[in-house]
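# A closer look at the structure
So you can see what is in the structure, the chains are spelled out below.
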Amino acid sequence: MTRTPTRILTLVACAVLLLAGCSGGGDGADDGPVTLRFQSLAWQDESVKATRELVREWNATHPDVRVAYVQGSWDSVHDQLLTSFEGGEAPDIVHDASDDLADFAYGGYLADLTELLPARLKSDIPQRSWETVTFGDGVYGVPFLQEPRVLIANATLLEKSGVRAPTPADPWSWAEFRQVTKELSGDGTYGVAWPLKEPVSATLNLSLSTGGKLFHRGADGRVTVRFEDGDQVVPRTIHDQVGTDHSAPPTTLGSGGSDTLPGFFAGKYAMVPLGFSYRQQIEQQAPEGFDWQVLPAPAGADGPAQGVSPQTLSIAEDSPHKKEAAAFLDFLLQPDNMVRLALGDWMLPTGEQALKDPALHTAEHGWATGTALAGHLRSAPAQSVRGYAEWKDKVATPALQEYYSGAIGMDELRHRLEEDGNLVLARYQR
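Here we summarise the structure given alongside this text. (Residues numbered from 1 in each chain as written. Predicted model: local features only at pLDDT ≥ 70, side-chain atom pairs only at ≥ 80, totals over all residues. Heavy atoms only, no water.)

## Observations concerning the overall build of the protein chain
Assigned secondary structure in the protein chain consists of 18 helices and 15 strands. Taking 22 Å as the expected radius of gyration for a compact globule of 430 residues, we find that the protein chain reaches 24 Å, a close match to that expectation. Its C-alpha atoms put the protein chain at 75 × 50 × 50 Å along the principal axes. In the protein chain, which comprises 430 residues, the proportion classed as buried is 52%. For the protein chain, the share of sequence-separated contacts (at least 6 apart) that also reach a separation of at least 24 residues comes to 74%. Carbon and sulfur atoms provide 50% of the accessible area of the protein chain, an area that totals close to 19300 Å². Once the 35 positive and 57 negative side-chain charges of the protein chain are each reduced to a mean point, those two points are 2 Å apart. (Helix = DSSP H or I, 4+ residues; strand = E, 2+ residues; numbered from the N terminus. Rg over C-alpha atoms; globule rule 2.2 N^0.38 Å. Buried < 20%, exposed > 50% of the residue type's maximum accessible area, 1.4 Å probe, protein only. Contact = heavy atoms within 4.5 Å. Areas by Shrake-Rupley, 256 points an atom, 1.4 Å probe, with all protein chains shown as cover. Lys, Arg positive; Asp, Glu negative; His and termini not counted. Charge placed at Lys NZ, Arg CZ, Asp CG, Glu CD.)

This is how it looks when you write it as structure tokens:
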């Protein structure tokens, strides 16, 4: 059958009206239950299972506010969310990471949660975590899961070498760490393998321990890049391990964390710096009898401080059911539920009550080591910097990759991060 343009427009208009009638409307006047779309980025089997179970438990006790689970992907979340926000089709509840929120918050796509969240949740999560989701005068997400970077070590090689094993209370300094990796190298083994396919966040976040800040906000609110002494300790250590000491292989610099695991299991690398959640992959994939342990990352003049970008839950500004969405977040992030989510993702909860759970303080799989580092996690340096994504992709990533490979020196690295970087950031601060 041939449809005329008028006929098509009439059908479209009817469809729009029908959808509006089924959505529950923005005024909450409809008789049917409210349906909240919750886009989750949980991907590991345990975390997907825990999240889906909690959604089912909510739905079983809240017949008037139903939550529909929508599976998202970390690989495409930024572009997917931007498209859905601009198209007016965003989920009511958005799972993301705090370092991805700035442009969405400033762009008006996320609801300010300051008056929506219950006092219990506000007080349970420490201020250092709320700083990761605060932009201007508003709070645009709930930080609920976090992970420090740690050293995953071959326990057999470490014990055989006789080097001092660090603890959260007495970590290696960066100079000691460099020396240890030299002592662990030899006979076909490198002391450490750096998987730096994404070098920027690892470099910046670890540099908090050495006083690195990189981004400096002036009284006028404008941000400039200054690559100072404290910012240079970590990249110089990595550079020297690769190019001078030969205690780290150049071949892993373009690799992701998972790519280094076969070599780690084979004894090619004594240690690999990884996010805390990688322990699950290691536990699942390690050959029988392989003995591994979790060590704290090196510490600098500012102690074991690290930058972190927690996983977050936000509410879309266009959601007509913000209060109901906030109530679901309160349920999802009750202390016991937060522990379930953390165990499912092999990460740490941000909530102070959840962090006290005995399951997070066991020696098995290094849980106690990670939990001991939780109080040292700080907002990542780039957290609230507009234009960071472009600066990272166009300036910092290629500059750091070239520096680590030995293609450029420290002076050229500084020039590119500062001069080229400030040109990029200036476009976002006019």
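## Digging into the nonpolar core
In terms of nonpolar packing, the biggest core is built from 51 residues, with Leu36, Phe38, Val142, Phe328, Leu332 and Leu333 touching the most fellow members. By residue number, the principal contributor to this core is helix H13 (residues 322-332), which donates six residues. Judged by nonpolar contacts, the second largest core, of 46 residues, contains Val180, Leu214, Ala399 and Leu413. (Core = buried A, V, L, I, M, F, W, Y, C linked by side-chain atoms within 4.5 Å.)

## Points about the environment of Leu196
Relative to the helices and strands, Leu196 resides in the loop between helix H8 (174-183) and helix H9 (199-206). For the pair Leu196 and Ala325, spaced 129 residues apart in sequence, the C-alpha separation works out to 37 Å. Setting aside its immediate chain neighbours within four residues, Leu196 contacts Ala202, Ile238, Thr252, Leu253, Ser255, Gln401 and Tyr404.

## Some points on the packing of aromatic side chains
Any pair of aromatic rings gets described here by the distance separating the centres and the angle formed by the planes. A full pass over the atoms with the stated rule returns 22 aromatic pairs. An angle of 85 degrees between the planes, with centres 5.8 Å apart, marks the rings of Trp174 and Phe177 as edge-to-face. Here Phe177 and Trp174 lie together in helix H8, a separation of three residues that amounts to about one turn. Accessibility classification places Trp174 together with Phe177 in one group, the buried group. Both rings, one in Phe177 and one in Trp194, keep their centres 6.3 Å apart while their planes meet at 85 degrees; by these two values the pair is edge-to-face. Residue Phe177 is found in helix H8, and its partner Trp194 is found in the loop between H8 and H9; the two are separated by 17 residues along the sequence. With a relative accessible area of 0%, Phe177 lands in the buried category. Pairwise contacts between aromatic rings join Phe38, Trp58, Tyr69, Phe328 and Phe331 into one cluster. The cationic tip of Arg279 hangs over the ring face of Phe276; the distance from NZ or CZ to the ring centre is 3.6 Å. (Phe/Tyr/Trp six-rings, centres within 6.5 Å; stacked < 30°, edge-to-face > 60°. Lys NZ or Arg CZ within 6 Å of the ring centre and 35° of its normal.)

## Describing the pairing of strand E6 (residues 142-146)
Within E6, five of the five residues are buried, which leaves the element mostly enclosed by the surrounding structure. The sheet contact formed by E6 and strand E14 (residues 348-349) spans two bridges and is antiparallel. Looking at the pairing, Leu145 lines up with Pro349 of E14. (Pairing = 2+ DSSP bridges.)

## Quick word on the sheet that holds strand E7 (residues 149-154)
With antiparallel pairing, three strands are arranged side by side in an open sheet as E10-E7-E11. The sheet terminates laterally at strand E10 (271-275) and strand E11 (292-296), the two strands that pair on one side only. When the angles between neighbouring strand axes are averaged without regard to direction, this sheet yields 35 degrees. Relative to E11, E7 is paired through five bridges, and the arrangement is antiparallel. Opposite Val150, over in E11, you have Pro296 as the bridge partner. (Axes fitted to C-alpha atoms, helices over the stretch in contact; angles between N-to-C directions.)

## Quick look at helix H10 (residues 229-243)
Its 15 residues place the ends of H10 20 Å apart at the C-alpha level, agreeing with the 21 Å of an ideal helix rising 1.5 Å per residue. At Pro235, H10 is bent by approximately 25 degrees, the largest bend along its length. By the criterion of burial, H10 is predominantly enclosed, with 11 of the 15 residues buried. Among the residues of H10, those classed as buried are Gly230, Asp231, Gln232, Val234, Pro235, Thr237, Ile238, His239, Asp240, Gln241 and Val242. (Expected span 1.5 Å × (residues − 1). Bend = angle between axes of the 7 residues up to and from the residue.)

## Quick look at the packing of H9 against helix H17 (residues 388-404)
One can describe the packing of H9 onto H17 by two numbers: an axis separation of 8 Å at closest approach and a directional angle of 85 degrees. In terms of their interaxial angle, H9 and H17 are classed as roughly perpendicular. Here Pro199, Val200, Ser201, Thr203 and Leu204 of H9 come into contact with H17, specifically with Tyr388, Trp391, Lys392, Ala396, Thr397, Leu400, Gln401 and Tyr404. Of the residues contributing to the contact of H9 with H17, the split by class is eight nonpolar, four polar and one charged. (Parallel < 35°, antiparallel > 145°, perpendicular 65-115°, else oblique. Nonpolar A, V, L, I, M, F, W, Y, C, P; charged D, E, K, R; others polar.)

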